[in-house]
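Spelled out, the chains give:
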Amino acid sequence: TRGLEGRRSMPTKVSDEVMEKWKTIRKKNTECSSMTMKMGTDDETIVMDGDIIDVTPEDLAEDMSESSPRWILWSMKISRDDGRIQQPLILVFFSPVSCNTKLRMIYSSRTGLLAEALKISKVHEIQDLDDITTENLKKLHISSITR
């Protein structure tokens, strides 16, 4: 596992499996793929929650719990107004309001460290499953690169 030292009081590790899947998803050339991550049972290691899947954000949201935080890394084709096609990696921190405060704090405190390990400069926090849509993810990405 890859250890991450930081400003946090508790050390966090990103599992080797997460790092391997990250390398795989970076190379995928599909319309939309995702990998979902969660805190391991030790509350110190970020682990995979399933495998990389080719799925729309809407379909993934239907299968997610409304009370469990997760990190979702998306690889998504986005057509720009000038005709260019981009395939960015978009990191979403799903932090449902209905989740208990302690668990939200654990996830929140590790989000920046995960983004650093995955070399993602912007994390988008979403609190409602209804906001996990293709259109919303595209808007979030475009707004984060045009500021």
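Residues numbered from 1 in each chain as written. Predicted model: local features only at pLDDT ≥ 70, side-chain atom pairs only at ≥ 80, totals over all residues. Heavy atoms only, no water.

## Side note on the pairing of strand E10 (residues 123–126)
Just so we agree on the cut-off: With a 1.4 Å probe rolled over the protein chains alone, any residue whose accessible area is under 20% of its type maximum counts as buried; one over 50% counts as exposed, and the rest are partly exposed. Where helices and strands are cited, they refer to DSSP runs of H or I of at least four residues and of E of at least two residues respectively, numbered from the N terminus. Each pair of strands is called paired provided DSSP finds at least two bridges between the two strands. Handedness is read with the strands pointing away from the viewer; a crossover is right-handed when the path from the first strand over the helix to the second is clockwise.
Of the two faces of E10, the one holding His-124 and Ile-126 is buried and the one holding Val-123 and Glu-125 is not buried anywhere. Note that strand E9 (residues 89–94) and E10 share four bridges and pair parallel. In the strand pairing of E10, Phe-94 is matched with Ile-126. Once the chain exits E9 it traverses helix H3 (residues 101–117) before rejoining the sheet at E10, and the crossover so formed is right-handed.

## Here we look at the nonpolar core
To keep it simple, the criterion reads: Here, nonpolar core means buried Ala, Val, Leu, Ile, Met, Phe, Trp, Tyr and Cys residues that are tied together by side-chain atoms lying within 4.5 Å of each other.
With 22 residues, the main nonpolar core has Met-35, Met-37, Trp-71, Leu-73, Leu-91 and Leu-118 as its most contacted residues. Where this core is concerned, the elements lending two or more residues are helix H1 (16–27), strand E3 (32–39), strand E4 (45–48), strand E6 (70–76), E9 and H3. For this core, the element with the most residues is H3, which contributes five residues. Ile-72, Trp-74, Ile-90 and Val-92 belong to the second-largest nonpolar core, a separate cluster that totals 16 residues.

## Considerations on the confidence of the model for the chain
The condition is simple: pLDDT is a per-residue confidence score from the predictor, ranging from 0 to 100. Here a residue-residue contact requires only that any non-hydrogen atoms of the pair lie within 4.5 Å.
Of all residues in the chain, 91% have pLDDT values of 70 or greater, and the mean over the chain is 88. Every residue in residues 4–9 is under pLDDT 50, and counting partners more than four places away or in other chains gives nine contacts.

## Some words on the environment of Lys-28
Mapped onto the fold, Lys-28 is located in the loop between H1 and E3. With relative accessibility at 24%, the residue Lys-28 sits in the partly exposed group. Between the C-alpha atom of Lys-28 and that of Gln-87, which follows or precedes it by 59 residues, the distance is 9.1 Å. What Lys-28 contacts, discounting residues up to four positions off in sequence, is Ser-33, Ile-52, Asp-54, Ser-75 and Gln-87.

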